[in-house]
Amino acid sequence: MNKTWERLKCGMVTENPTFVQMLGMCPTMAVTTSAINGLGMGLTTTVILILSNMMISALRKVIPDKVRIPAYIVVVASFVTIVQFLLEGFVPSLYDSLGIYIPLIVVNCIILGRAESYASKNNIWLSMFDGIGMGLGFTVGLTAIGIFRELFGSGSIFGLRFMPKSYEPVTILILAPGAFFVLACIVAVQNKVRKYKEDDVKKGVLFCEKENGCEVCTNGMCKGKLFTAESVAREKEEADNARKEKQKNPSEKM
Amino acid sequence: MEQTMKISSSPHIRDKETTANIMGQVIVALMPATIFGIYNFGIKAFITILITVISCVVFEACYQKNMGQKVTVKDLSAVLTGLLLALNLPPDVPFWLPVLGSFFAIIVVKQLFGGLGQNFMNPALGARCFLLISFTGRMTAFTYDAVTTATPLASLKAGESVDVMSMFLGTTAGTIGETSAVALLIGGLFLLATGIINYRIPVFYLGSFAVFILLYGLAQGRGIDISFLMAHLFGGGLMLGAFFMATDYVTSPITPNGRILFGILLGVLTFLFRIFGGSAEGVSYAIIIGNLLVPLIERITVPKAFGKGAVKHE
């Protein structure tokens, strides 16, 4: 069960496809002109990602290694076609505003990337949760960008007016350059936050639970890469020693 | 002996000229156009210029202070950016518009890319294009003598006749600093005379643009249409762009042939944007696209080092 949860968290936070892996930039830039478009695109991709991950995981022992990419494409394309017809039938407004980007989900690198790096090596259950996690991560990313662009570019969120009447929308944000500005700002902010967290990990502020295994460790930033239990203990000892040293000779402080 | 053995990396010859000195001279060269703009559009233009310059300086100082860098406001580059941006704005803009433009010019285009000398496009023009795309209505609403009028270029595009003499003197509608061709020419000649800018970019820019306008006139069967040519040369931001924007040290090529190529490229782009583009003006877009191509232009125009390039006899 822990592994399932870890898959979800990995997709949504630690390896968020939009903000960390920087995958699927084409739909990210093109369709996020409003929050609803971002949400729609994200959910559409999520559905396809879950289905294709499950299907590819189920077929992973059947698909020959040499032709795996064409095989993945066939699977993904079938699901995209199904979803496209469903959207056209039931949500025509979303279908119209997403336009060419729905068929282009076939070549979305998140879907192919998950198929290649996860679904083809793991069981159906985990692949499904990997799909849910990555898909929701993508949805969160797209919706966040969409919200910022819509708020500043047309003064509303999900079509509801948020800015005062006197606010003049900065039209450039709902045009192509705006996507780059907003994405860059969000990534910059989250990298800064992430960096603080990593610094905290290095300082030992976030504790390592290696004794219980990395899988259940609550510290998602480390995952056994940044430090080991021994290194934490050593660092703490060194810090303690330094503090004691300072207390002994306060004159040497400066 | 110690002196002669000193080893250091290039440059080995240093000039006494400082950044502040060069920026100061460019600002002096812009004064005729600025003063004429204030005379032409009144106190509003003066307030717009003041707001833009002050906010540019404040943004630069704040950013550098917060990032723990040395505050280099004294080199006047922020003042120049502010002045150029203000001269590119219509006189009747609300006060927040120049502030937003200054933010974009200084923070986004200049400082985020590393500050003076590192920006990949002219900050003032980047900000102008940002504002032009975002607030098209406000940026193209020109008033003259309290009456909303089209700029001469817009009238020209609509096929109306324009008064070339008033365009030369500057008593027309337009942005604060672009209207008076004669004031800008005085400033440009001052910069050429003091050696701050090289003749290559403005001459080849204006020259190639003029050639293409004449060819266009011929292609349309009007013969050599001098008044059309003059109207295009004196109209819009061409003079301001050619002498003050395209020659920006940071965003123009440093090789002599590169400057010629850059000038011709700008001329062609401006011609295409003005004649075939959707809006009447095309100088700012032409220059920022040219700015983006500068690294390529420099790469293909690197001069041969002395002794290199001869045919080898074997």
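That block above? That's the structure.
Residues numbered from 1 in each chain as written. Chains lettered and ligands numbered in written order. Predicted model: local features only at pLDDT ≥ 70, side-chain atom pairs only at ≥ 80, totals over all residues. Heavy atoms only, no water.

Participant: Any chance you could explain the overall build of chain B here in plain terms?
Facilitator: Assigned secondary structure in chain B consists of 14 helices and two strands. At 21 Å, chain B has a C-alpha radius of gyration in line with the 20 Å of a compact globule built from 314 residues. Seen along its three principal axes, the alpha-carbon backbone of chain B occupies a region of about 75 × 55 × 30 Å. In chain B, buried positions account for 52% of the 314 residues. If you take every contact in chain B between residues at least 6 apart in sequence, the share linking residues at least 24 apart comes to 74%. Carbon together with sulfur atoms contributes 67% to the accessible area of chain B, which is approximately 15,500 Å² in total. Taking the average location of the 19 positive side-chain charges in chain B and that of its 15 negative ones, the two points are 9 Å from each other. (Helix = DSSP H or I, 4+ residues; strand = E, 2+ residues; numbered from the N terminus. Rg over C-alpha atoms; globule rule 2.2 N^0.38 Å. Buried < 20%, exposed > 50% of the residue type's maximum accessible area, 1.4 Å probe, protein only. Contact = heavy atoms within 4.5 Å. Areas by Shrake-Rupley, 256 points an atom, 1.4 Å probe, with all protein chains shown as cover. Lys, Arg positive; Asp, Glu negative; His and termini not counted. Charge placed at Lys NZ, Arg CZ, Asp CG, Glu CD.)

Participant: Any chance you could explain the layout of surface pockets here in plain terms?
Facilitator: A water-sized probe rolled over the atoms picks out the places where empty space is left. When its volume is computed, the largest pocket comes out at roughly 650 Å³. Lining the largest pocket are 21 residues, with Phe181(A), Val182(A), Cys185(A), Phe103(B) and Val108(B) sitting closest to its centre. Listing elements by their share of the lining of the largest pocket, those giving two or more residues are α7 (124-154) and α8 (176-203) of chain A together with α4 (96-111) of chain B. Sort the elements by how many residues they give to the lining of the largest pocket and α8(A) lands first, with seven residues. Considered class by class, the residues forming the lining of the largest pocket number 21 nonpolar, no polar and no charged. Approximately 450 Å³ is the volume attributed to the second largest pocket. (1 Å grid on protein atoms, 1.4 Å probe; cavity = no way out; pocket = protein on both sides within 12 Å on 5 of 7 lines; lining within 4 Å. Points joined across faces, edges and corners; volume = space filled by probe spheres on them. Nonpolar A, V, L, I, M, F, W, Y, C, P; charged D, E, K, R; others polar.)

Participant: Mind showing me how you'd approach the interface of chain A and chain B here?
Facilitator: One widely used convention gives an interface's size as the accessible area the parts lose upon coming together. Across the boundary between the two partners, chain A contributes seven residues, which contact seven residues of chain B. For the chain A and chain B pair, buried surface summed over both sides reaches about 620 Å², with 68% attributable to carbon and sulfur atoms. Between chain A and chain B we count one salt bridge in total. Close ionic contact of Arg138(B) with Glu168(A) constitutes a salt bridge, the shortest N to O distance being 2.3 Å. The interface formed by chain A and chain B contains three residue pairs in polar contact (both at pLDDT 80 or more). For the side of chain A that touches chain B, a count of residues per class yields five nonpolar, one polar and one charged. (Buried area = accessible area lost by both parts, 1.4 Å probe. Salt bridge = Lys/Arg side-chain N within 4 Å of Asp/Glu carboxyl O. Polar contact = N/O pair within 3.5 Å; in protein donor to acceptor, adjacent residues only side chain to side chain.)

Participant: In this structure, what is going on with the nonpolar core? I would like to understand it.
Facilitator: As a rule of thumb, soluble globular proteins bury nonpolar side chains together. Membership of the largest hydrophobic core comes to 88 residues, with the highest contact counts inside it found for Leu30(B), Tyr205(B), Phe244(B) and Ile287(B). Setting aside chain neighbours within four positions, we find Tyr205(B) in contact with Arg200(B), Leu238(B), Gly241(B), Ala242(B), Ala246(B), Gly263(B), Leu266(B), Gly267(B), Thr270(B), Val283(B) and Ile287(B). Ranked by size, the runner-up nonpolar core spans 28 residues in total, among them Ile48(A), Leu87(A), Tyr95(A) and Ile102(A). (Core = buried A, V, L, I, M, F, W, Y, C linked by side-chain atoms within 4.5 Å.)

Participant: Honestly, the packing of aromatic side chains in this entry has me stumped. Any pointers?
Facilitator: In this description, an aromatic ring pair is defined by two values, namely the gap between the centres and the angle between the planes. Residue and element names in this part refer to chain B. Considering all chains together, one arrives at 15 aromatic pairs over all chains under this definition. With 4.6 Å between their ring centres and 55° between their planes, Phe113 and Phe120 make a pair best called tilted. Phe120 sits in the partly exposed class, given a relative accessible area of 34%. Aromatic pair Tyr216 and Phe271: ring centres 6.0 Å apart, planes at 70°, arrangement edge-to-face. With Tyr216 in helix α10 (residues 200-219) and Phe271 in helix α13 (residues 256-276), this residue pair connects regions lying 55 residues apart in the sequence. Looking at Tyr216, the relative accessible area reads 19%, which means it is buried. Aromatic ring contacts, followed pair by pair, group Phe212, Tyr216, Phe228, Phe271 and Phe276 into a single cluster. (Phe/Tyr/Trp six-rings, centres within 6.5 Å; stacked < 30°, edge-to-face > 60°.)

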